[in-house]
Amino acid sequence: MKKYGKLIIAAIIALIFIGTFVFLYQKSQPKEIIYNEFTPKLDTLQRTTIITGKIEPRNEVNVKPQISGIITEILKEAGQYVQAGEVIAKVKVIPDMGQLSSAESRVRLADLNLKQAQVDYEREKNLYEQKLVSAEEYDKVRQQLNQAKEELKAAVDALEVVRDGVSRSNASASSTLIRSTISGIILDIPVKVGNSVILSNTFNDGTTIASVANMNDLIFRGNIDETEVGQLVSGMPMKITIGALQDVSLDASLEYISPKAVESNGANQFEIKAAITSLSDGKIRSGYSANAEIVLARAENVITVPESAIEFSGDSTFVYIISGKPGQLQYDRKPVTIGLSDGVNIEIKKGLTIKDRVRGPQIIAEEKEN
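Bear in mind the structure is a predicted one, so any value in this text is a computation, not a measurement.

(A) Structural detail: the pattern of salt bridges. Here the structure, examined in full by the defined rule, presents 14 salt bridges. With its nearest N and O atoms 2.5 Å apart, the salt bridge here joins E56 to R221. On the criterion of sequence distance, the pair formed by E56 in strand β2 (residues 41-57) and R221 in strand β11 (residues 218-225) is long-range, its members being 165 residues apart. Residue E56 is classed as buried on the basis of its relative accessible area, which comes to 13%. Of the residues examined, R221 reaches a relative accessible area of 25% and is grouped as partly exposed. The salt bridge involving E151 is made with R106; its shortest N-O contact spans 3.2 Å. Separated by 45 residues along the polypeptide, E151 in helix α3 (residues 135-164) and R106 in helix α2 (residues 97-129) bring together distant segments of the chain. E151 sits in the partly exposed class, given a relative accessible area of 33%. Classification of R106 as partly exposed rests on a relative accessible area of 35%. One continuous salt-bridge network, built from bridges that share partners, spans E56, R221 and E271.

What follows is the structure, encoded as structure tokens:
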């Protein structure tokens, strides 16, 4: 029995040795190289670029007060639609003491002048009725009286404007009523009741009471890299997608390309604007982040192959044409003229027909197993 056991062990060792030798021999043998195979086809290629930007109204107007004072009432809120001339807020005037004193002094002086003109008129009237003065002298004194009345009225109006912000003679055009200058949607009202506001002058821009815009006239504003801006022309169509509204796609038309570059993150970029031509009812809000897809180049009904089948050598490009039968395949290197590429497929302008077979990248072992 011991003899047979030794023989069995020896046989097992021999089989392991032979199996290992066969395995190593097979591993050392060169493997057949297999390539992907492509057939050229007629297709339409286009090269696009994505521009990041935002949606905003073409004209956004900041409504500012015509006088300085304190907000006493706000009649509208953000999101409401207003017509041009509609009142948004009311302002109580805080008069300047120097201007107030000057206006009061003017009223007192005008009142004195009117009283004196009235006395002169009564005296001249008696003389005229007695035919002691000419009609010309009488008309002159009467005119001076009328002028004195108008001066007093103007002085009183000026005092009321300085003191109250409005006079009785022009109450309908009161500068204490802050009115919208355009028709549109109120985007923001940055002030509250009790806030002090100042009018615009040469030293400051004034306080913004409200921002109003026509939300039916929107534009896309973004920046494009200098390597692509040369391919843009006004009027090119664009497709706008908004990140916050996945189901919304807008059409737009390029209308402005900045003549001057701005530096952004070390790269030169040019600002562009596109007019949005299709709007969704009430869904679009000012400031939405958006992406604009624009077709830079397009080639229709051209011969195409995957770009991975192209061999680039300096300024020349080549493909490998497949010929022969399975097991006896031949690969002939052939120069071709390429055209437009969309990053996956590439146009072949010269050197291929749709009947050719083209060698692609090598198939690796993992791909074979799959």
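(B) How the structure looks around the sheet that holds strand β6 (residues 87-93). Read across the open sheet, the 4 strands follow the order β7-β6-β4-β9; overall the sheet is antiparallel. Edge strands, defined here as strands with exactly one partner in the open sheet, are β7 (177-179) and β9 (196-197).

(C) The nonpolar core, seen in detail. Counting residues in hydrophobic clusters, the biggest one holds 28 residues, and the most contacted among them are I55, F220, M238 and I284. By residue number, the principal contributor to this core is strand β13 (residues 245-264), which donates 5 residues. Residues in contact with I284, not counting those within four places in the same chain, are I55, M215, L218, I242, L245, V248 and L250. Formed by 16 residues, the second largest nonpolar core is a distinct cluster that contains V63, I67, V191 and V212.

(D) Representation of the pairing of strand β20 (residues 345-350) within the structure. Sheet topology places strand β15 (residues 289-306) next to β20; 3 bridges connect them, and they run antiparallel. If you follow V305 over to β20, its bridge partner there is I346. Sheet analysis places strand β19 (residues 337-341) next to β20, joined by 3 bridges and oriented antiparallel. The residue bridging T337 from the neighbouring strand is K350, located in β20. From the end of β19 to the start of β20, which pair antiparallel, there are 3 residues, and G343 there has a positive phi angle of about 95 degrees.

(E) Just the sheet that holds strand β3 (residues 60-63), in detail. In spatial order, the strands read β3-β10-β8-β5; together these 4 strands make up an open sheet with antiparallel pairing. Bordering the open sheet on either side are β3 and β5 (81-82), each of which pairs with just one other strand. Where β3 and strand β10 (residues 210-213) come together, 4 bridges link them in antiparallel fashion. Residue pairing for β10: V61 is matched across the bridge by V212.

Cut-offs and rules
- Residues numbered from 1 in each chain as written.
- Predicted model: local features only at pLDDT ≥ 70, side-chain atom pairs only at ≥ 80, totals over all residues.
- Heavy atoms only, no water.
- Salt bridge = Lys/Arg side-chain N within 4 Å of Asp/Glu carboxyl O.
- Helix = DSSP H or I, 4+ residues; strand = E, 2+ residues; numbered from the N terminus.
- Buried < 20%, exposed > 50% of the residue type's maximum accessible area, 1.4 Å probe, protein only.
- Pairing = 2+ DSSP bridges.
- Core = buried A, V, L, I, M, F, W, Y, C linked by side-chain atoms within 4.5 Å.
- Contact = heavy atoms within 4.5 Å.

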